[in-house]
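# Observations on chain architecture
If you want the building blocks of each chain, they are given just below.
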Amino acid sequence: MWSETDNKLYRAFTFSDFKEAFAFMTRVADIASRLNHHPTWTNTYNKVEIWLSTHDAGDIITIKDRELAKAIDTVAK
Ligand SMILES: C[C@H](O)[C@H](O)[C@H]1CNC2=NC(N)=NC(=O)C2=N1
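Quick look at the structure, then. (Residues numbered from 1 in each chain as written. Predicted model: local features only at pLDDT ≥ 70, side-chain atom pairs only at ≥ 80, totals over all residues. Heavy atoms only, no water.)

### Section: the pairing of strand β3 (residues 40–44)
Where β3 lies against strand β4 (residues 47–52), five bridges are found, and the strand directions are antiparallel. Considered in β4, the bridge of Thr 42 is made with Glu 49. The antiparallel hairpin formed by β3 and β4 contains two residues in its connecting segment, where Tyr 45 sits at a positive phi of about 50 degrees. (Pairing = 2+ DSSP bridges. Helix = DSSP H or I, 4+ residues; strand = E, 2+ residues; numbered from the N terminus.)

Quick look at the structure:
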């Protein structure tokens with residue numbers, strides 16, 4: 001589940017290995033390009049952490065972040 005802290009949506013995803021984590025990131029990259037809204041994220045081996053906020057609106061959570069979060073959930077296993 002996504003949590004809200006510091007004016008950001010945050011969720012951590014864990015996969016079986018690095019390859020699965022990176023495949024997920026590739027799918028998210030496609031979505032982000034399509035929505036023209038991009039995550040702040042880190043990847044360490046099988047873990048991907050994502051923070052969503054809208055920089056253009058002064059780094060707050062907007063509908064764009066909620067839509068991206070929902071789309072990311074559809075490709076997370
Ligand atoms: C010019 C371009 O449309 C903007 O910079 C977009 C790109 N992706 C973005 N992504 C995020 N997370 N926040 C933004 O404000 C944002 N703005």
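The structure having been displayed, the exposition proceeds.
### Observations regarding unusual backbone geometry
At Asn 36, a position not held by glycine, the phi torsion is positive, near 50 degrees. With respect to the helices and strands, Asn 36 occurs in the loop between α1 (18–35) and β3. Accessibility expressed as a relative area gives 58% for Asn 36, which makes it exposed. Its identity is not glycine, yet Tyr 45 carries a phi of approximately 50 degrees, on the positive side. By the secondary structure assignment, Tyr 45 is in the loop between β3 and β4. (Buried < 20%, exposed > 50% of the residue type's maximum accessible area, 1.4 Å probe, protein only.)

### Comments concerning the site of the ligand
By nearness alone, every residue bordering the ligand is listed as Asn 36, His 37, His 38, Ser 53, Thr 54, His 55 and Asp 56. The backbone of Ser 53 places a nitrogen or oxygen atom 2.9 Å from a nitrogen atom of the ligand. Asp 56 is positioned such that a nitrogen or oxygen atom in its backbone is 2.8 Å from an oxygen atom of the ligand. (Near = heavy atom within 4 Å. Polar contact = N/O pair within 3.5 Å; in protein donor to acceptor, adjacent residues only side chain to side chain.)

### Some words on the packing of aromatic side chains
Applying the stated criterion across every chain yields a total of five aromatic pairs. An angle of 70 degrees between the planes, with centres 6.0 Å apart, marks the rings of Trp 2 and Phe 13 as edge-to-face. Of the two residues, Trp 2 is situated in the segment before β1 (3–5) and Phe 13 in strand β2 (residues 8–14); the sequence distance between them amounts to eleven residues. On the basis of an interplanar angle of 45 degrees and a centroid distance of 4.8 Å, the ring pair of Phe 13 and Phe 24 is categorised as tilted. Placement of the pair is Phe 13 in strand β2 and Phe 24 in helix α1, with a sequence separation of eleven residues. Phe 13 sits in the buried class, given a relative accessible area of 5%. (Phe/Tyr/Trp six-rings, centres within 6.5 Å; stacked < 30°, edge-to-face > 60°.)

By themselves these figures say nothing about function.
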